[in-house]
Amino acid sequence: MSPSRMILALTTAAVLGLAGCAGASESPAPSAGSTTSATTTAATGAEATGPVQARPGLPGQSAEQVVDTLDRTNDDRTAGPVGSVRPGEVILADDQGQVSLPLSDKFYLSFAPYVTRTHDCFNHNLATCQGELANQQMDVTITTDAGETLVDEALTSFDNGFIGVWLPKDIKGTIKVSHDGKSVSAPIATGPKDPTCVTTLKLS
């Protein structure tokens, strides 16, 4: 393994610990107390800089655009960068270090409905999280406890089996997903301590 790839692998492992995503297996999530020796830089604006050189086209994108780009394909599994989505930021890492991009007024909720297989997750990892039902169309409805409908449409899961939606911060509500004659409904919330990764939606 080249030195740069070794550094990327070590940085990946560190961010995986921060992300709280156990991957495609059903093993427990890594400890939330995991740390890294890589340098973390807080971006002054919403545009991606620093540790995104591994993916052409990412530099100059907003934090929201970076999340949308990385979550829709599995290319970053090998090319990087590793991304961990938190309630208020997305942390990107590659062999150049880490950068934190603020998500000022939106909350990214990524969810992976399943039938037979899932994994533990809290902070969505854009490079490693893998859901069971990839590239499947599902009917998704998200409503707030106040009765406002935020999402009501047919959405197709990404290559990683997840569907990602941008929601207002600090709301509580309900998500309902229907697929292939099965459905599931569960409460959601978008506060500063709430998960960005929901893998408990069992279709039945």
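Bear in mind the structure is a predicted one, so any value in this text is a computation, not a measurement.

(A) Examining the pattern of salt bridges more closely. Within this structure, the stated rule accounts for one salt bridge. Note that D68 and R72 form a salt bridge whose closest N and O atoms lie 3.6 Å from each other. Taken as a pair, D68 and R72 lie in helix α2 (residues 63-72) at a separation of four residues, close to a single helical turn. Looking at D68, the relative accessible area reads 22%, which means it is partly exposed.

(B) Region of interest: the packing of aromatic side chains. All chains considered together, the criterion is met by one aromatic pair. When the centroid spacing of 4.7 Å and the interplanar angle of 50° are considered together, the rings of Y108 and W166 count as tilted. You can see Y108 sitting in strand β5 (residues 106-111) and its partner W166 sitting in strand β8 (residues 163-168), a full 58 residues away along the chain. By relative accessible area, W166 is classed as partly exposed at 24%.

(C) Inspection of the pairing of β5 at higher detail. Extensive coverage of β5 is indicated by the burial of five of its six residues. As paired elements, β5 and β8 share six bridges and run antiparallel to each other. Along β8, the bridge assignment pairs S110 with G164. Summarising the sheet, β5 and strand β11 (residues 197-198) pair through two bridges and their orientation is parallel. The partner of F111 across the bridge, within β11, is V198.

Parameters at a glance
- Residues numbered from 1 in each chain as written.
- Predicted model: local features only at pLDDT ≥ 70, side-chain atom pairs only at ≥ 80, totals over all residues.
- Heavy atoms only, no water.
- Salt bridge = Lys/Arg side-chain N within 4 Å of Asp/Glu carboxyl O.
- Helix = DSSP H or I, 4+ residues; strand = E, 2+ residues; numbered from the N terminus.
- Buried < 20%, exposed > 50% of the residue type's maximum accessible area, 1.4 Å probe, protein only.
- Phe/Tyr/Trp six-rings, centres within 6.5 Å; stacked < 30°, edge-to-face > 60°.
- Pairing = 2+ DSSP bridges.

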